[in-house]
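Take a look at the letters that make up each chain.
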Amino acid sequence: MNSSAHPLAPGLVVAVDGTSGSGKSSTSRGAADRLGLRYLDTGAMFRAMTWWLLRAGVDVHDPAAVAARCGEPVIVSGTDPLAPTITVDGTDVAVEIRSDEVNAAVSPVSAVPEVRARLLDLQRAVIAAESADGGIVVEGRDIGSVVAPDAPVKLYISADPAARAARRAAEEGGADLAATQESLLARDKIDSGRATAPLTMAEGAVHIDTTPYSLDEVIDLVVALVEDVGAHR
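**Comments concerning the overall build of the chain**
What the chain contains, in helices and strands, is nine helices and eight strands. Classification of the 233 residues of the chain by burial places 47% in the buried group. Residue pairs at least 24 apart in sequence account for 78% of intrachain contacts in the chain once pairs closer than 6 positions are excluded. When the accessible area of the chain is evaluated, it comes to approximately 10,600 Å², of which 54% is carbon and sulfur surface.

Rendered as structure tokens:
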């Protein structure tokens, strides 16, 4: 539902980057809904690719093997912020891509340049199609720096590691807090240190530390920022 107080210029792209467990996805979906924009979860695309590679029996720790097969699956992302979908070769994999097996394999797959190049093309195609119509909120780890560097709104969302771990553990039904925090920090290290499209705060991005805020408060902040930029384009 579009409850934006100010009319937004068409073609608006909002790039949202940040760390795991910082509320990036919930914030992006909530803001897109409030603003009447579409939504793209690029992380789900990497998870979908990882799921397919595992199903195909590809060694995800062998970059050459991953590169050789990553052009095969047909990955389609739905962009409704209230009900985002992800399919691989026509199969809904929204549940399967959140499995422990995919969690453990997605970082090495995401580090393969050929995977990033393939999904970059898909991501830019979705952005072009949706922004031609109205606008889109795109979330990931390299959106403002690589995928959509010309986005008029760039955000970097983070939170204190303990807060992130608590949120992620709650999402996972009471997972071990210490283990969850260790996993998140390990993922940060991998994502920030990879050679291709590392996690970084893009030039010109607004940094939002979500630690002291509720989800609704963070969405309010994002909506206000987007409306301010979008109304003056």
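**A short note on the pairing of strand β6 (residues 135-140)**
Across a regular strand the side chains alternate sides, sitting on one face of the sheet and then on the other. Judged by how many residues are buried, β6 sits mostly within the fold: six of six residues are covered. Of the two faces of β6, the one carrying G135, V137 and E139 and the one carrying I136, V138 and G140 are both buried. Direction of pairing for strand β1 (residues 12-18) relative to β6: parallel, over a ladder of six bridges. The partner of L12 across the bridge, within β6, is G135. Sheet analysis places strand β2 (residues 38-41) next to β6, joined by four bridges and oriented parallel. In the strand pairing of β6, D41 is matched with E139.

**Describing the sheet that holds strand β8 (residues 206-209)**
Here five strands make up an open sheet; going across it, the order is β2-β6-β1-β7-β8 and the pairing parallel. Both outer strands of the open sheet, β2 and β8, are each paired with one neighbouring strand and no more. In this sheet, neighbouring strand axes are inclined to one another by 20° on average, regardless of whether the strands run parallel or antiparallel. Of the pairings in the sheet, the one linking β1 to strand β7 (residues 153-158) comprises five bridges and is parallel in character. Each residue of the ladder has a partner; that of V16, found in β7, is L155. Helix α2 (residues 42-55) contacts β2 and β6 of the sheet and is inclined by roughly 40° relative to β2. In this fold helix α5 (residues 113-133) packs onto β1, β2 and β6, with an angle of close to 150° to the strand it touches most, β6.

**A short note on the sheet that holds strand β4 (residues 86-88)**
With respect to topology, three strands assemble into an open sheet ordered β3-β4-β5, the strand pairing being antiparallel. In the strand order of this sheet, the two ends are held by β3 (75-77) and β5 (91-92), each with one partner. Here β4 runs beside β5; their pairing, made up of two bridges, is antiparallel. Bridge assignment links V88 to a residue of β5, and that residue is T91.

**Considerations on the pattern of salt bridges**
This model, assessed by the stated rule, comprises five salt bridges. Among the ionic pairs, R38 bridges to E130, the shortest N-O distance being 4.0 Å. Placement of the pair is R38 in strand β2 and E130 in helix α5, with a sequence separation of 92 residues. Taking the relative accessible area as the measure of exposure, E130 reaches 18% and is therefore buried.

**A few points about the environment of W51**
When you line up the elements, W51 lands in helix α2. Accessibility expressed as a relative area gives 13% for W51, which makes it buried. Sequence spacing of W51 and A105 is 54 residues, and the spatial spacing of their C-alpha atoms is 8.6 Å. Setting aside residues up to four positions removed in sequence, W51 forms contacts with V88, V93, E96, I97 and V102.

Conventions and cut-offs
The numbers attached to residues start from 1 for each chain and follow its sequence in the written order. Selection of residues for local features in this predicted model requires a pLDDT of at least 70, selection of side-chain atom pairs for listing and counting requires 80 or more, and totals for whole chains, interfaces and linings are taken over all residues. Side-chain measures were taken over the full set of non-hydrogen atoms in the model, leaving aside hydrogen atoms and water. Runs of H or I in DSSP of at least four residues are treated as helices and runs of E of at least two as strands, each being numbered from the N terminus. In this scheme, a residue with accessible area under 20% of its type's maximum is buried, one over 50% is exposed, and one in between is partly exposed, where area comes from a 1.4 Å probe on protein chains only. We call two residues contacting when some pair of their heavy atoms lies within 4.5 Å. Each accessible area is a Shrake-Rupley result for a 1.4 Å probe, and residues are judged covered by the shown protein chains and nothing else. For two strands to pair, DSSP has to find at least two bridges joining them. Fitted lines through C-alpha atoms give the axes, limited to the stretch in contact for helices. The angle between two N-to-C directions lies from 0 to 180 degrees. We define a salt bridge as a side-chain nitrogen of Lys or Arg found within 4 Å of a carboxyl oxygen belonging to Asp or Glu.

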